Amino acid sequence: MTFPIEIESLAKTYRGKKRMQVEALRELSLNINQGEVFGFLGPNGAGKSTTIKILMGLISATAGSARLFGTEVRQAAARRNVGYLPENPALYDFLTGREYLSFVGKAFAMTDGAIAERSGVVLEQLQLTDAANRPVRSYSKGMVQRLGLAQTLLHEPELYILDEPMSGLDPIGRSLVKDIIRQLKRQGKTVFFSTHITADVEAVCDRVGVIAKGKLQALDSVDNILRSGVEGYTVQINGGGDLAAHGYTQLEEQGGMREFLVPKDQFNDFIAQVAVEDGKVELIETKRKDLEEFFLEIVKQGNVSA
Amino acid sequence: MSLNTLLILNIRWIIRDRILQALAAVSLFLIMLVPAISAFSMRQTQELAVTLSLSFVSFTLLIFALSLGSTIVWRDIERRYTYTVLSLPLDRGGYVMAKFLAVALFLVVAAALVGSCSFIAIFISSFKYPSQIPVQWGMIMIAIFMDTLKYMLLAAIAILVTTVSTSFFMPFFTSIAIFMAGSASQEVFEFATSEAGTRVSGVVRLATRVIYYIIPNFSAFNFKLQAVYPIPFDPKQISYVTLYFLVYTALTLSAAVWIFSRRELT
Ligand SMILES: Nc1ncnc2c1ncn2[C@@H]1O[C@H](COP(=O)(O)OP(=O)(O)O)[C@@H](O)[C@H]1O
Ligand SMILES: [Mg+2]
């Protein structure tokens, strides 16, 4: 079975001046499944863009290999079914938005008719119709970013590789991008995007890979992470005896109401105890680590082990 | 197909470049001053008009070849356009070839335009101050044609240098240096291999020989003298020089494609 993206023991060492070396990527292995939205989450300098540039054939790996739909990334043909948005894209500024899309469409061997039709659709989708006949030189940063996204959608590829697609956008733009990603998912497309913002991952991703210091630190479904992040519950009790005497942590007391923090593995015992003491459970709330805490913890561990 | 797309893109870029537009306008204006300047010489006005016009065409093409050749790839890298263009399913060989072809095509158009204007200038001069020698229209055309080939080769060399460099100044000045060395190499070579040259140390003579064979011989493209005076020459020379141009340009571009295909676009 071929995956949209296959990454095998990928490594990249940048060699700079004065024999300075940066190990940007070490032994990265990762397969992206057909139809999933994958969040490539990592702090600045983690190696996200390096990975993506290797996938797009812009730089070569020092070791390991990578394939898109089974084709080695060194070959131009590997990119035929891919829409790529670079980090802070720069688009030919002497062309108008429409001319630029037309250039991209020709590079993907689309017919003139298809280019005209699809350009109209994607320009509208990214709210650039009014600016379509103006040179890109006159666009704001957010508009350039949106035109870059329009480019990825133009030829309706199966795979989307987006490097920080939400950066440089205002809240409206960000939610627009999230909508587009969700829509692509509904169409069964594969989306691989990098970000350093956990909320973006939580909002749209099926699976997340956390990268720090050039190493993949964690790889799991977003649902699993959120479930395993449950630390315990806060329970409000009305009445009942001296539960604190049984070792439970009492957080608050107000009138007859008391609030306890109950660890996950003691929850059943606690409820049983409440029943014994003749108390009444009023409210249970899950206390969980969110993705952000999970992320920060992993990055901290990565720093210690590195 | 993709070469075509890239070629059109680059031609658009060149045509829409404000600085090039200004340069073209200035050169067209200056060439119209040739009849007036030639008139000052009082004698051999027509010969002077031809010399001036040809030098002027040559200088214009030199400026275009250098400024375009050393920036057309560099600007893509400098402004980070390479990420969006070279991540399309286009191969880098075609990318480099399209860059060269766009510059070459621009040089041909520029030579035709400035050349036509110089024809008008020469015609005015020769009409007002006729010379005993008829104007060598055919030879003037050949001289301009050979000049165009010369500057295409220079542009190819400038593109080759930009494929290894990241700065603007390095390719620009390296190309100028190669151009000057290549224009003078014939004389230096002849001196070094002559009787008088034996007095120079052996190392210098060897170095001269090596440089002579590596650096393109730009002086071979110079047919200006034949265009001004009716000097007999072997027409085969034109085919030899054209062949030399084709081989040298092909080798230069192959090297540029080979290097650029391996270049890291970080
Ligand atoms: N051209 C380069 N030369 C040297 N080091 C680089 C180069 N590009 C990136 N790096 C280094 O590689 C590491 C990973 O960078 P990058 O992949 O851009 O991270 P991210 O996209 O996750 O922020 C960083 O430490 C960065 O400084
Ligand atoms: Mg990055």
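About the criteria used
Residues numbered from 1 in each chain as written. Chains lettered and ligands numbered in written order. Predicted model: local features only at pLDDT ≥ 70, side-chain atom pairs only at ≥ 80, totals over all residues. Heavy atoms only, no water. Helix = DSSP H or I, 4+ residues; strand = E, 2+ residues; numbered from the N terminus. Rg over C-alpha atoms; globule rule 2.2 N^0.38 Å. Buried < 20%, exposed > 50% of the residue type's maximum accessible area, 1.4 Å probe, protein only. Contact = heavy atoms within 4.5 Å. Areas by Shrake-Rupley, 256 points an atom, 1.4 Å probe, with all protein chains shown as cover. Lys, Arg positive; Asp, Glu negative; His and termini not counted. Charge placed at Lys NZ, Arg CZ, Asp CG, Glu CD. Near = heavy atom within 4 Å. Polar contact = N/O pair within 3.5 Å; in protein donor to acceptor, adjacent residues only side chain to side chain. Nonpolar A, V, L, I, M, F, W, Y, C, P; charged D, E, K, R; others polar. Donors = N, O, S within 2.8 Å, 3.2 Å for Na, K, Ca; no water. Expected span 1.5 Å × (residues − 1). Pairing = 2+ DSSP bridges. Right-handed = clockwise from strand over helix to strand, strands pointing away. Patch = residues over 30% accessible without salt bridge, like charges linked within 9 Å, V, L, I, M, F, W, Y side chains within 5 Å. Salt bridge = Lys/Arg side-chain N within 4 Å of Asp/Glu carboxyl O.

Asker: Just to check I follow, could you spell out the overall build of chain B for this structure?
Answerer: The helix and strand inventory of chain B stands at 12 helices and zero strands. Reading the secondary structure of chain B in the N-to-C direction produces α-α-α-α-α-α-α-α-α-α-α-α. In summary, chain B has a C-alpha radius of gyration of 20 Å against a globular reference of 18 Å for 266 residues, a match within 12%. A total of 266 residues make up chain B; the buried ones form 49% of that total. For chain B, restricting intrachain contacts to residue pairs at least 6 apart in sequence, the fraction spanning at least 24 positions comes to 82%. Counting every atom, chain B has about 12,800 Å² of accessible surface; 73% of that belongs to carbon and sulfur. For chain B, the centre of its 18 positive side-chain charges and the centre of its 11 negative side-chain charges are spaced 6 Å apart.

Asker: Where do I start with the site of ligand 1 in this structure?
Answerer: The environment of ligand 1 is formed by Y14(A), V22(A), A24(A), P43(A), N44(A), G45(A), A46(A), G47(A), K48(A), S49(A), T50(A) and T266(B). Ligand 1 is flanked by residues contributed from chains A and B. At 2.9 Å, a backbone N or O of G47(A) approaches an oxygen atom of ligand 1. Interatomic distance of 2.5 Å between a side-chain N/O atom of T50(A) and an oxygen atom of ligand 1. Starting from 560 Å² of accessible surface for ligand 1 in isolation, the protein chains cover 67%. Counting residues per element, the ones that place at least two in the shell around ligand 1 are β2 (21–32) and α1 (48–55) of chain A. Residue contributions to the shell around ligand 1 peak at three residues, all from α1(A). Its residues assigned to classes, the shell around ligand 1 comprises five nonpolar, six polar and one charged.

Asker: Which parts of the structure should I look at to understand the coordination of the magnesium ion (ligand 2)?
Answerer: Octahedral metal centres with six donors ideally show angles of 90 or 180 degrees, and tetrahedral centres with four donors ideally show 109.5 degrees. Residue and element names in this part refer to chain A. Those protein atoms acting as donors to the magnesium ion (ligand 2) are S49 (OG) and E87 (OE), and they sit at 2.1 to 2.6 Å. Of this pair, S49 sits in helix α1 while E87 sits in the loop between β6 (82–85) and α2 (97–107), and the two are 38 residues apart along the sequence. Among the residues examined, S49 registers a relative accessible area of 16% and is labelled buried.

Asker: Where do I start with helix α1 (residues 2–15) of chain B in this structure?
Answerer: In an α-helix, one turn spans 3.6 residues, which is why side chains three or four residues apart end up on the same side. Look at α1(B): 20 Å from first C-alpha to last across 14 residues, which is about the 20 Å you get at 1.5 Å a residue. Turning to α1(B), its buried residues are T5(B), L6(B), L7(B), L9(B), N10(B), W13(B) and I14(B). In this fold, the buried residues of α1(B) make contact with α2 of chain A together with α2 (18–31), α4 (45–69), α5 (74–78), α6 (81–85) and α7 (92–128) of chain B.

Asker: Would you take a moment to explain the pairing of strand β7 (residues 159–163) of chain A for this structure?
Answerer: Walk down a regular strand and you will see the side chains alternate between the two sheet faces. Residue and element names in this part refer to chain A. Counting buried positions along β7 yields five of five residues, so the element is predominantly enclosed. Neither face of β7 is exposed, since L159, I161 and D163 on one face and Y160 and L162 on the opposite face are all buried. Sheet topology note: the β6/β7 ladder contains four bridges and is parallel. By the bridge assignment for β7, L85 is matched with L162. The pairing of β7 with strand β8 (residues 190–195) spans five bridges and is classified as parallel. Paired with I161 across the strands is F192, a residue of β8. The parallel pair β7 and β8, bridged by helix α5 (residues 171–186), forms a crossover whose chirality is right-handed.

Asker: Looking at this model, I keep getting lost on a nonpolar patch on the surface. Mind explaining?
Answerer: All names here are of chain B. Taken together, the side chains of V26, F29, L30, L33, I37 and F40 define a hydrophobic patch exposed on the protein surface, amounting to about 600 Å² of accessible area. The element contributing the most residues to the nonpolar patch is α2, with three residues. Checked against the element boundaries, I37 lands in helix α3 (residues 34–39). What makes I37 partly exposed here is its relative accessible area of 42%.

Asker: What is the right way to read α7(B) from this model?
Answerer: An ideal rise of 1.5 Å per residue puts 54 Å on 37 residues; α7(B) measures up with 54 Å between its terminal C-alpha atoms. Capping of α7(B) at its N-terminal end is provided by D91(B); its side-chain oxygen lies 3.0 Å from the backbone amide nitrogen of G93(B).

Asker: Would you explain the pattern of salt bridges in this entry?
Answerer: Residues and elements named next belong to chain A. One pass over the full model with this rule turns up 21 salt bridges over all chains. K189 serves as the salt-bridge partner of E158, at 3.5 Å between the closest nitrogen and oxygen. One end of the pair, E158, is in the loop between α4 (141–154) and β7; the other, K189, is in the loop between α5 and β8, and 31 residues separate them in sequence. When the shortest N-O distance is used, the salt bridge between D200 and K178 registers 3.5 Å. With a gap of 22 residues between them, D200 in helix α6 (residues 198–204) and K178 in helix α5 connect regions that are remote in the sequence. A single network of salt bridges, built from pairs that share partners, joins E6, E8, R67, E72 and R74.

Keep in mind these values describe shape, not function.
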